[in-house]
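Residues per chain are reported as follows:
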Amino acid sequence: MAYFLRCLKFILPAAKTTLLLTVAALGIGLVAGLLLAVARIYGGKAAAGLASAYSRIVRSLPTLVVLFIFYSLSSSLLHISGVTAALLALSACTAAYQSEIFRGAIQSLGTGQMAAARSLGMTRPMAIRYVILPQALRLAIPSWSNEAAIVLKDSSLASAVGATEIFRRAQQVGAAHHDYLPAYLACGLIYFVLTFLTNRGLDLMQRKFKLKL
Amino acid sequence: MPQPILRIENIHKAYGKTQVLRGVSLDVYPGEVVVIIGPSGTGKSTLLRCVNQLTVPDQGRVWLEGVELTAKGTDINKARERIGMVFQDFNLFTHLTAVQNVMLALTKVKRMRPEEARAKAMAELEKVGLADKADLYPAELSGGQKQRAAIARSLAMDPEVMLFDEPTSALDPELIGEVLEVMRKLAEEGMTMLVVSHEMGFAREVADRIVFLENGVIVEEGPPEQLFQDPKQERTREFLWKLTELYGNHGGSRSRRRPGCS
Amino acid sequence: MLLTEIAEELAFAWRILPELMKGLVVTLELTGLSLVAGLVLAIPVSMLRTYTRGPLNWLATAYVEVFRGTPLLVQLFVVYYGLPEMGVVWSRFFSAWLALTLNSAAYQSEYIRGAILSVSEGQLLAARSLGMPPIQAFRWVVLPQALRLALPAWSNEVAYMVKYVSVVYMIAVQELFTRAQGIISRTFKVWTPLLEVAVVYLAVVYLVTRLMDSVERRFRIPGLEGGVERREMV
């Protein structure tokens, strides 16, 4: 028991890294995902094709594979840290999934919204910015919350490329004392609490911004 | 003879293998109310969408006050500011209140200042009888209120022509009347209107001209008295007979009885 | 000369393919076994959560919440290190299978639960009014519909599993990704094995998706999808 608590103490500071990875990856993924979704629906053949290909390919790959691709890229070409490589990899993955979420949300709006906006003399970019996206983003919130939880949990895989986040700390403390199970249970607890808080927070957001349909 | 405000010339449109419009031409004069009737799926909506180029015709041209909308160099967004469109499914922006819906194009397209835009928006909502519902979201409005708000949204742009694409087809019967009332007032004020509708009562009383479109061509057109009482074409007669069977002499609007109708 | 380099790499890629395929077999084995075992576990769990109250319900809910609220990687290690403490010492493969099963069952039970809730109450009422006892009514009326309604989410789960089995690399189970890493550390060639394994994943996921599509088409009831999906594959 005392050891379990010691593990918790040792692992907890790494939560900062985990949260940083998660939030940053989600943020980059949000911007990139939106751009990809808009490109797929409103872009020309080339843009739409590229966005579609990117989404398909990345979503077919395990997160670990993407992580190692970026890690290898980083050590041979870019000389960036394990954490940064992990961040880029996680961002690349979530961007693909988020593009699907936003694509679905935009499509669920139907064509009438764009038609109405255009019929009032709005240009396409104007319509996308003031009519389509405000509604699509709100519609996407539930799926997005799901994705946020997934990114949080996937951040544990960053340990495989050397990022010192929660799971890695658990491995370290377990190895140091040759007593692994309590360490992993402790890190599981921390993840559980983080996921729980994230879900609650996003639930509140969902209630506040819900679109009345 | 005044110049037509809207000229539609030889419009052809096909979707895949289906030829929806086969050479439709129509002139609309200022202040005229033209109602287009015809069986479902004959391209009535498509024709309307070809006017403001929401659908681009395969062949044919459209002029608004002498400006050719189908020409390559035309700024279609500017042109659309002068044409208002009302949709069967209303298409109100769900993330905005009624007044915000009306204000959006005013602030973004016409670049009005927010206070000006709000004042104008409230005035338009007042005209359609929705001033007290200004701050409600579309989800909180009834079907008839939604459509009236949509009409106010289009009118706020001060268009020269209003297009109505089956404006009451998605409404419950008891709500149709309030929308037709707004449309009738608009006609009385001299707005040029091109209306696709099944509302025969409305067509009879408000239209200056009725156009019967079937299989992608105009079968017959003329003033209501002529079409309803003495149609020249057999198919017109058949179609109108079918409608009268279905809806009675007042077309689809079962809730309004006007004095003097038989 | 660039061309000879490329030719060399391709020859290398061809040479390592058999070893990767051996790994792929293990991946598919783990995927299939975990999905099936997961389904077997998920049905009772979803039943407990939908139809019971009190301790049984709490237990089932706690299980689902814990396994959905923690990373698969952590669950894998807890099982891997936890089993010996409980006196169970089997292979790594077994630990991997168990962790994947427990994880998948938690998610599958959510899809099924959502699907059960989507099956309208009227169905159950009709069955009861015909004299069917509750378990029978569930087994023959609600469950078949729920399983079909859950199909889209389930197809998603299949594609998800194929990818996430790669996590067992961390406990050195010799599946596809682990093999690729093994080749990398032996030959010091990084890019060809990595890209090759990526291509294999692309192909496998594509085929699996197509397969699930035709299964879905055969069994689908038009209507709602059940529950929350992991991530959209379609």
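Residues numbered from 1 in each chain as written. Chains lettered and ligands numbered in written order. Predicted model: local features only at pLDDT ≥ 70, side-chain atom pairs only at ≥ 80, totals over all residues. Heavy atoms only, no water.

## Let's talk about the nonpolar core
Right, so step 1: Judged by nonpolar contacts, the single largest core of 191 residues is most densely connected at B:Leu6, B:Met193 and B:Leu194.
Right, so step 2: Among the elements that take part in this core, helix H7 (residues 124-154) of chain A stands out by supplying eleven residues, more than any other.
Right, so step 3: Other than its neighbours up to four places away in sequence, B:Met193 contacts B:Glu32, B:Val33, B:Val34, B:Met162, B:Phe164, B:Met183, B:Leu186 and B:Ala187.
Right, so step 4: Listed in part, the 15 residues of the second largest apolar core include C:Ile43, C:Leu143, C:Ala146 and C:Ala153. (Core = buried A, V, L, I, M, F, W, Y, C linked by side-chain atoms within 4.5 Å. Buried < 20%, exposed > 50% of the residue type's maximum accessible area, 1.4 Å probe, protein only. Helix = DSSP H or I, 4+ residues; strand = E, 2+ residues; numbered from the N terminus. Contact = heavy atoms within 4.5 Å.)

## Brief notes about the environment of B:Leu163
Residue and element names in this part refer to chain B.
Right, so step 1: Positionally, Leu 163 belongs in strand S7 (residues 161-165).
Right, so step 2: Residues Leu 163 and Asn 52, spaced 111 residues apart in sequence, show a C-alpha to C-alpha distance of 8.9 Å.
Right, so step 3: Sequence-distant contacts of Leu 163, defined by excluding residues within four places in its chain, comprise Leu 48, Val 51, Asn 52, Ile 83, Gly 84, Met 85, Val 86 and Leu 194.

## A short note on the pairing of strand S1 (residues 6-15) of chain B
Residue and element names in this part refer to chain B.
Right, so step 1: Relative to strand S2 (residues 18-28), S1 is paired through eight bridges, and the arrangement is antiparallel. Paired with His 12 across the strands is Arg 22, a residue of S2.
Right, so step 2: As consecutive antiparallel partners, S1 and S2 are separated by two residues, and within that stretch Gly 16 has a phi angle of approximately 65°, a positive value.
Right, so step 3: The pairing of S1 with strand S4 (residues 59-64) spans five bridges and is classified as antiparallel. When the bridges of S4 are listed, His 12 appears paired with Gln 59. (Pairing = 2+ DSSP bridges.)

## Quick word on the sheet that holds strand S9 (residues 209-214) of chain B
Residues and elements named next belong to chain B.
Right, so step 1: Spatially, S6-S7-S8-S3-S9-S10 is the arrangement adopted by the six strands of the open sheet, whose pairing is mixed. Every interior strand has two partners, whereas the edge strands, strand S6 (83-86) and strand S10 (217-222), have only one. Looking at each pair of strands side by side, their axes are set apart by 15° on average, direction ignored.
Right, so step 2: Here strand S3 (residues 33-37) runs beside S9; their pairing, made up of four bridges, is parallel. When the sheet's bridge partners are listed, Ile 37 is paired in S9 with Phe 212.
Right, so step 3: Sitting on the sheet, helix H1 (residues 44-51) is in contact with S3, S6, S7, strand S8 (192-196) and S9, with an inclination near 150° to S7. (Axes fitted to C-alpha atoms, helices over the stretch in contact; angles between N-to-C directions.)

## Remarks on the pattern of salt bridges
All names here are of chain B.
Right, so step 1: In this structure the tally under the stated criterion is 31 salt bridges over all chains.
Right, so step 2: Here Asp 27 and Arg 7 are joined by a salt bridge, their closest N and O atoms 3.2 Å apart. Residue Asp 27 is found in strand S2, and its partner Arg 7 is found in strand S1; the two are separated by 20 residues along the sequence.
Right, so step 3: On the basis of relative accessible area, Asp 27 is assigned to the partly exposed category, the value being 24%.
Right, so step 4: Under the relative-accessibility criterion, Arg 7 is labelled partly exposed at 34%.
Right, so step 5: Salt-bridge contacts for Arg 148 lead to Glu 178; the nearest nitrogen and oxygen are separated by 2.9 Å. Taken together, the residues span a long stretch of sequence, with Arg 148 in helix H5 (residues 143-155) and Glu 178 in helix H6 (residues 173-188) at a distance of 30 residues.
Right, so step 6: For Arg 148, a relative accessible area of 12% puts it in the buried group. (Salt bridge = Lys/Arg side-chain N within 4 Å of Asp/Glu carboxyl O.)

## Observations regarding helix H4 (residues 114-127) of chain B
Residues and elements named next belong to chain B.
Right, so step 1: Taking 1.5 Å per residue as the helical rise, H4 with its 14 residues ought to reach 20 Å, and the 20 Å between its terminal C-alpha atoms agrees with that figure.
Right, so step 2: Of all the residues in H4, the buried ones are Ala 117, Lys 120, Ala 121, Glu 124 and Leu 125. Take H4 and look down its axis: the buried residues cluster within an arc of 140°, on one side only. Facing away from the buried surface of H4 by more than 90 degrees, the exposed residues are Glu 115 and Glu 126.
Right, so step 3: Structurally, H4 contributes buried residues whose contacts are with helix H3 (98-108) and H5.
Right, so step 4: Two residues or fewer past H4, Gly 129 is found with a positive phi of approximately 80°. (Expected span 1.5 Å × (residues − 1). Arc of directions from axis to C-beta.)

## Here's the deal with the interface of chain C and chain A
Right, so step 1: Between chain C and chain A, the residue contacts involve 36 residues of the former and 39 residues of the latter.
Right, so step 2: When chain C packs against chain A, close to 3300 Å² is buried across both sides, 71% of that on carbon and sulfur atoms.
Right, so step 3: At the boundary of chain C and chain A, one finds zero salt bridges.
Right, so step 4: Counting every contact that joins chain C to chain A gives seven residue pairs in polar contact (both at pLDDT 80 or more).
Right, so step 5: Broken down by secondary-structure element, the contributors of at least two residues to the side of chain C that touches chain A are helix H2 (55-69), helix H3 (72-85), helix H7 (151-164), helix H8 (176-187) and helix H9 (191-219) of chain C.
Right, so step 6: With seven residues, H3(C) is the single largest residue contributor to the side of chain C that touches chain A.
Right, so step 7: Here the side of chain C that touches chain A is built from residues that sort into 23 nonpolar, five polar and eight charged. (Buried area = accessible area lost by both parts, 1.4 Å probe. Polar contact = N/O pair within 3.5 Å; in protein donor to acceptor, adjacent residues only side chain to side chain. Nonpolar A, V, L, I, M, F, W, Y, C, P; charged D, E, K, R; others polar.)

These values are about where atoms sit, not about what they do.
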